[in-house]
Amino acid sequence: MSSTESSEETSLPVVRLRVPTEEDAYAWHEVFDDPEVMEFHGGASAELSVYAELTARQRKHDAERGFCLWTLLGEDDEVLGFTGAQPWPHPWGPVGEVEIGWRLARSAWGRGYATAAARVAIDRVRAAGVDHVVAMVDARNARSVAVTRRLGMTLAETFTTPVSQRTGYCFQLSL
């Protein structure tokens, strides 16, 4: 399933989101193999097998729920990362909630892709019947905090992550 969608704001880029393919595991592994991209996600890219499992899980989420972490494509159909939503996958934090998230290649930073893609994802999640979402953000990640604000999300909770012991924020948005 692939569809072209654009933002209401003319200053934001046109984005396409598609259900991740098996090949997207390789693309995600490549674009996330950057210490700056992974700074707030453990510092290093995961093994290819992790992305293969993640893309497979997202295909299942889309088939069962109507939403997932979709592959984000740029204007030339290059893979820029992902955005979308999934059930919160950890036994701590907002257990039982649907989390919206994004992770982009460094080359896509500062160009409006995260905001534009997240808006499309929010529309799709709303259409799937979800009435609110959360976003979990490392408190030091100013770029992602700014995206939550542009989306109209509000800070619901401050927490400490159990493994890294870092401060994080849980934002929420009613749909």
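A quick note: this is a predicted structure, and the numbers were derived from the prediction, not measured.

(A) Quick look at the nonpolar core. Within the largest apolar cluster, 34 residues are counted, with the highest numbers of intra-cluster contacts made by Leu72, Ile100, Trp102, Val133 and Met153. Elements with a minimum of two residues in this core: β2 (15-18), β3 (69-73), β4 (79-87), β5 (98-104), α3 (113-127), β6 (132-138), α4 (142-150) and β8 (167-174). Ranked by residues supplied to this core, first place goes to α3 with 9 residues. With near-sequence residues (within four places) excluded, Trp102 lies in contact with Phe82, Thr83, Ala114, Ala118, Ala135, Ser144, Val147, Thr148 and Leu151. Within the second largest apolar cluster, 14 residues are counted, among which are Ala25, Ala27, Met38 and Ala105.

(B) Layout of the pairing of strand β7 (residues 154-160). Where β7 lies against β8, 6 bridges are found, and the strand directions are antiparallel. Following the sheet pairing, Thr160 is matched in β8 by Thr167. Between β7 and β8, which pair antiparallel and follow one another directly, the connecting turn spans 6 residues, one of which, Gln165, has a positive phi of 60 degrees.

(C) A look at the pairing of β5. Most of β5 sits out of view: 7 of its 7 residues are buried. Judged by which residues are buried, β5 turns out to be covered on both faces: Val98, Ile100, Trp102 and Leu104 on one side and Glu99, Gly101 and Arg103 on the other are all buried. Bridging between β4 and β5 involves 7 bridges; their strand directions are antiparallel. Note that in β5 the partner of Pro87 across the bridge is Val98.

(D) Up close: helix α1 (residues 24-31). Along α1, the residues classified as buried are Asp24, Ala25, Ala27, Trp28 and Val31. Buried residues in α1, looked at end-on, bunch into an arc of 160 degrees, giving them a common side. Summarising the geometry of α1, the exposed residues directed more than 90 degrees from the buried face are Tyr26 and Glu30. Contacts from the buried residues of α1 go to β2, α2 (48-65), β3 and β4.

(E) Main features of α4. Listed in full, the buried residues belonging to α4 are Ser144, Val145, Val147 and Thr148. Seen end-on, α4 carries its buried residues on one side only, within an arc spanning 155 degrees. Residues of α4 that are exposed and point over 90 degrees away from its buried face: Ala142, Arg143 and Arg149. Those residues of α4 hidden inside the fold are in contact with β5, α3, β6 and β8. Positive backbone phi, at 85 degrees, marks Gly152, one or two positions downstream of α4.

About the criteria used
Residues numbered from 1 in each chain as written. Predicted model: local features only at pLDDT ≥ 70, side-chain atom pairs only at ≥ 80, totals over all residues. Heavy atoms only, no water. Core = buried A, V, L, I, M, F, W, Y, C linked by side-chain atoms within 4.5 Å. Buried < 20%, exposed > 50% of the residue type's maximum accessible area, 1.4 Å probe, protein only. Helix = DSSP H or I, 4+ residues; strand = E, 2+ residues; numbered from the N terminus. Contact = heavy atoms within 4.5 Å. Pairing = 2+ DSSP bridges. Arc of directions from axis to C-beta.

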